[in-house]
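Below are the chains, spelled out letter by letter.
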Amino acid sequence: GAGVSQSPRYKVAKRGQDVALRCDPISGHVSLFWYQQALGQGPEFLTYFQNEAQLDKSGLPSDRFFAERPEGSVSTLKIQRTQQEDSAVYLCASSLMVLAPYNEQFFGPGTRLTVL
Amino acid sequence: AQSVTQLDSQVPVFEEAPVELRCNYSSSVSVYLFWYVQYPNQGLQLLLKYLSGSTLVKGINGFEAEFNKSQTSFHLRKPSVHISDTAEYFCAVVREYGNKLVFGSGTILRVKS
């Protein structure tokens, strides 16, 4: 069956440009997560949606980062005025249930963002 | 808050040798523990998880892990590795009734022939 897909897989942006990263979760999955994985590091939580509601955005590093999931399915992570420190792999994950331990997260392949 | 420590950034091992990847965690509340594997240019794949019950957990690809509450550890083991096990391995926790995963910094397992 179809897993979590992300597009684009690779994105190169000039410093100061805006970028939009897309996540298509597994159909029917209620929860959707965004994580940021810097080079040589583990993924770090950015934000969480339950259906269309953004319930936790405590991990967003600055107000340049914005995420949405308007219809409770596809999600977009937008980064405005990109900076070099934004270079990372952005991972999306979805889960059928809401709370641990029942919410096994399934990860997409990630979008590798390089800011020049 | 929770934190996860993976002390070994890289572990080289010869094919068919045993391997242990170490993971220690810190949390003031109950947590569930996970090991994920990441192959190059792929997403994270769940290897195994500890939710409750037996402290020895078996996962896919012949991996197993043992939860030790007193030592706050969840080390990953495999008795005999293959070249195809070369990948990066991440230990993660989620607090009870929570949802976001907290990851360690990862351990690259390099299997040599």
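If you're wondering where the values come from, they're calculated on a predicted model, not measured in any experiment.

Analysis parameters
Residues numbered from 1 in each chain as written. Chains lettered and ligands numbered in written order. Predicted model: local features only at pLDDT ≥ 70, side-chain atom pairs only at ≥ 80, totals over all residues. Heavy atoms only, no water. Helix = DSSP H or I, 4+ residues; strand = E, 2+ residues; numbered from the N terminus. Buried < 20%, exposed > 50% of the residue type's maximum accessible area, 1.4 Å probe, protein only. Areas by Shrake-Rupley, 256 points an atom, 1.4 Å probe, with all protein chains shown as cover. Lys, Arg positive; Asp, Glu negative; His and termini not counted. Charge placed at Lys NZ, Arg CZ, Asp CG, Glu CD. Patch = residues over 30% accessible without salt bridge, like charges linked within 9 Å, V, L, I, M, F, W, Y side chains within 5 Å. Salt bridge = Lys/Arg side-chain N within 4 Å of Asp/Glu carboxyl O. Pairing = 2+ DSSP bridges. Axes fitted to C-alpha atoms, helices over the stretch in contact; angles between N-to-C directions. 1 Å grid on protein atoms, 1.4 Å probe; cavity = no way out; pocket = protein on both sides within 12 Å on 5 of 7 lines; lining within 4 Å. Points joined across faces, edges and corners; volume = space filled by probe spheres on them. Nonpolar A, V, L, I, M, F, W, Y, C, P; charged D, E, K, R; others polar. Core = buried A, V, L, I, M, F, W, Y, C linked by side-chain atoms within 4.5 Å. Contact = heavy atoms within 4.5 Å.

Quick notes on the overall build of chain A
Thought 1: Helix and strand counts for chain A come out as zero helices and 11 strands.
Thought 2: Ordered by position from N to C terminus, the α and β elements of chain A give β-β-β-β-β-β-β-β-β-β-β.
Thought 3: Along the longest, intermediate and shortest principal axes, the C-alpha atoms of chain A span 40 × 25 × 25 Å.
Thought 4: Looking at the 116 residues of chain A, the share that counts as buried comes to 47%.
Thought 5: As displayed, chain A has an accessible area near 5,700 Å², and 49% of this comes from carbon and sulfur atoms.
Thought 6: Seen as two clouds, the 11 positive and the 11 negative side-chain charges of chain A have centres 8 Å apart.

As for a nonpolar patch on the surface
Thought 1: A surface patch of nonpolar side chains, about 350 Å² in accessible area, is lined by Leu96(A), Met97(A) and Tyr102(A).
Thought 2: Structurally, the position occupied by Leu96(A) is in the loop between strand S9 (88-95) and strand S10 (106-107).

Regarding the sheet that holds strand S3 (residues 19-24) of chain A
Residues and elements named next belong to chain A.
Thought 1: With antiparallel pairing, four strands are arranged side by side in an open sheet as S1-S3-S8-S7. Each edge of the open sheet carries a strand with a single partner, namely strand S1 (5-7) and strand S7 (65-68). The average angle at which neighbouring strand axes cross in this sheet is 15°, direction not considered.
Thought 2: With four bridges connecting them, S7 and strand S8 (residues 75-79) associate as antiparallel partners. Bridging from a neighbouring strand, phenylalanine 65 pairs with isoleucine 79 of S8.

Overview of the pattern of salt bridges
Thought 1: By the definition in use, this model includes 10 salt bridges over all chains.
Thought 2: For Lys78(A), the salt bridge identified is with Glu68(A), shortest N-O distance 3.3 Å. Highlighted residues: Lys78(A) in strand S8 and Glu68(A) in strand S7, separated in sequence by 10 residues.
Thought 3: Here Lys58(B) makes a salt bridge to Glu64(B), at a shortest N to O gap of 2.8 Å.
Thought 4: A relative accessible area of 62% means that Lys58(B) is categorised as exposed.
Thought 5: Residues joined in a network through salt bridges with shared partners are Glu20(B), Glu66(B) and Arg77(B).

Remarks on empty space enclosed by the protein
Thought 1: Evaluated as defined, the whole model comprises one cavity of 30 Å³ or more.
Thought 2: Class assignment of the residues belonging to the lining of the largest cavity gives a composition of five nonpolar, three polar and two charged.

With respect to the nonpolar core
Thought 1: Judged by nonpolar contacts, the single largest core of 28 residues is most densely connected at Leu33(B), Trp35(B), Leu47(B), Leu48(B), Phe74(B), Leu76(B) and Tyr89(B).
Thought 2: Of all the secondary-structure elements, those providing two or more residues to this core are strand S2 (10-14), strand S3 (19-21), strand S5 (31-38), strand S6 (44-50), strand S8 (64-68), strand S9 (73-78), strand S10 (87-95) and strand S12 (107-112) of chain B.
Thought 3: With residues near it in sequence (within four places) discarded, Phe74(B) still touches Cys23(B), Leu33(B), Phe34(B), Trp35(B), Leu48(B), Lys49(B), Tyr50(B), Ala65(B), Glu66(B), Phe67(B) and Cys91(B).
Thought 4: One finds Leu46(A), Ile79(A), Tyr90(A) and Cys92(A) within the second-largest nonpolar core, a separate group that totals 20 residues.

A short note on the pairing of S10(B)
All names here are of chain B.
Thought 1: Judged by how many residues are buried, S10 sits mostly within the fold: eight of nine residues are covered.
Thought 2: Bridging between S5 and S10 involves eight bridges; their strand directions are antiparallel. The residue of S10 that forms the bridge with valine 37 is tyrosine 89.
Thought 3: Pairing of S10 with S12, which is carried by three bridges, proceeds in the antiparallel orientation. Within S12, the position partnered with tyrosine 89 by the bridge is threonine 107.
Thought 4: Relative to strand S11 (residues 102-103), S10 runs antiparallel, the two sharing two bridges. Bridge pairing links alanine 92 to phenylalanine 103 in S11.
Thought 5: Counted along the chain from S10 to the antiparallel partner S11, the turn is six residues long, and its residue tyrosine 97 has a positive phi close to 65°.

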